[in-house]
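Letter by letter, the chains look like this.
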Amino acid sequence: MSHSLDAADLTILRSLQEDCRLGLEELAHRCALSVPSVQRRLKRLREAGLIEKEIAVLDPAGFDWKMTFVVMVELERESLQQLDLFRKRAKAEPQVQQCYYVTGEADFILICTARDMQDFEALTHRLFFEDSNVRRFRTSVAMDRTKVSLSLPI
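Residues numbered from 1 in each chain as written. Predicted model: local features only at pLDDT ≥ 70, side-chain atom pairs only at ≥ 80, totals over all residues. Heavy atoms only, no water.

Q: Would you mind going over the overall build of the protein with me for this structure?
A: For the protein, the count of helices and strands is five helices and four strands. When the elements of the protein are put in sequence order from the N terminus, they spell out α-α-α-β-α-β-β-α-β. For 154 residues, the compact-globule formula gives about 15 Å, and the C-alpha radius of gyration of the protein, at 20 Å, lies well above that figure. Of all 154 residues assigned to the protein, the portion counted as buried reaches 31%. Put simply, 65% of the contacts in the protein that link residues at least 6 apart link residues at least 24 apart. For the protein, the computed accessible surface area is about 10700 Å², with 53% contributed by carbon and sulfur atoms. Across the protein, the 22 positively charged side chains and the 24 negatively charged ones have centroids separated by 4 Å. (Helix = DSSP H or I, 4+ residues; strand = E, 2+ residues; numbered from the N terminus. Rg over C-alpha atoms; globule rule 2.2 N^0.38 Å. Buried < 20%, exposed > 50% of the residue type's maximum accessible area, 1.4 Å probe, protein only. Contact = heavy atoms within 4.5 Å. Areas by Shrake-Rupley, 256 points an atom, 1.4 Å probe, with all protein chains shown as cover. Lys, Arg positive; Asp, Glu negative; His and termini not counted. Charge placed at Lys NZ, Arg CZ, Asp CG, Glu CD.)

Structure representation (structure tokens):
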């Protein structure tokens, strides 16, 4: 789906990726447009699905979710039904922050969070050991959150 975006649209989108709490007046100032014009553009961008969500990114250090894991998952069978079943399980699990269907050695790569190793072990039992279609999984523990972003370089 191709959308025709002008410089003002891109400025609005870049600004919101940086801080979605920016007010209409600030966005209008950055774009050199009126507030009603920015409101119309935001409505159009949302309706077009270019803005999927406006969320708060929480600092896990302020909570008990101190560990991040990158998990490569290999499935036994890769039928469409089996792939969809695993996708649904990953989407339903709150500790799975991101899930990617990939090519290469693994079928899926998951970014997961846990309070500690025991909590992660319980997650592995729910997601992997209890699923007879998971052939194997390999885990890397994140040592540091060097960059966390879903921003696009627009």
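Q: So what exactly am I meant to see when it comes to helix α3 (residues 35-47) here?
A: Every α-helical turn comprises 3.6 residues, leaving residues that sit three or four positions apart pointing alike. Taking 1.5 Å as the rise per residue, α3 with 13 residues should run 18 Å; its terminal C-alpha atoms sit 18 Å apart, in good agreement. Turning to α3, its buried residues number three or more, namely S37, V38, R41, L42 and L45. Along the axis of α3, the buried residues cluster in a sector spanning 135 degrees; they form a single face. In α3, those exposed residues whose orientation departs by more than 90 degrees from the buried face are R40 and E47. On its buried face, α3 is in contact with α1 (7-18) and α2 (24-31). Phi for G49, located one or two positions after α3, is positive at around 80 degrees. (Expected span 1.5 Å × (residues − 1). Arc of directions from axis to C-beta.)

Q: I keep staring at the sheet that holds strand β3 (residues 108-114) and nothing clicks. Help me out?
A: Strand pairing in a sheet takes place through backbone hydrogen bonds and is either antiparallel or parallel in direction. Strand order across the open sheet formed by four strands is β2-β3-β1-β4, with antiparallel pairing between neighbours. Two strands in the sheet have a free side with no partner beyond their single neighbour: β2 (96-101) and β4 (134-141). Neighbour-to-neighbour, the strand axes of the sheet open up by a mean angle of 20 degrees, direction not taken into account. As defined by bridge partners, strand β1 (residues 67-75) adjoins β4 across seven bridges and the pair is classed as antiparallel. Pairing of V71 across the sheet is with T139, part of β4. On the sheet, helix α4 (residues 80-92) packs against β1, β2, β3 and β4 and is oriented at approximately 20 degrees with respect to β3. (Pairing = 2+ DSSP bridges. Axes fitted to C-alpha atoms, helices over the stretch in contact; angles between N-to-C directions.)

Q: Explanation requested: the pattern of salt bridges in the structure shown.
A: Oppositely charged side chains are able to pair whenever their charged atoms sit close together. Taken as a whole, this structure holds 15 salt bridges when the rule is applied. Residue E54 pairs with R46 through a salt bridge whose shortest N-O separation is 2.8 Å. The salt bridge involving D131 is made with R89; its shortest N-O contact spans 3.0 Å. Of this pair, D131 sits in the loop between α5 (117-129) and β4 while R89 sits in helix α4; the two residues are 42 residues apart in sequence, bridging distant segments of the chain. (Salt bridge = Lys/Arg side-chain N within 4 Å of Asp/Glu carboxyl O.)

Q: Is there a simple way to explain the pairing of β1 in this structure?
A: For a regular strand, the rule is simple: side chains alternate between the two faces of the sheet. Among the nine residues in β1, seven count as buried, and that is most of the element. Where β1 lies against β3, seven bridges are found, and the strand directions are antiparallel. Bridge pairing in β3 places M67 opposite A114.

Q: Explanation requested: the packing of α2 against α3 in the structure shown.
A: Between α2 and α3, the least distance of the axes is 9 Å, while the angle of their chain directions is 100 degrees. By the angle between their directions, the pair α2 and α3 is classed as roughly perpendicular. Taken together, the residues of α3 that come into contact with α2 (itself represented by L24, E25, L27 and A28) are V35, V38, Q39 and L42. Looking at the contact of α2 with α3 residue by residue, the class counts come to six nonpolar, one polar and one charged. (Parallel < 35°, antiparallel > 145°, perpendicular 65-115°, else oblique. Nonpolar A, V, L, I, M, F, W, Y, C, P; charged D, E, K, R; others polar.)

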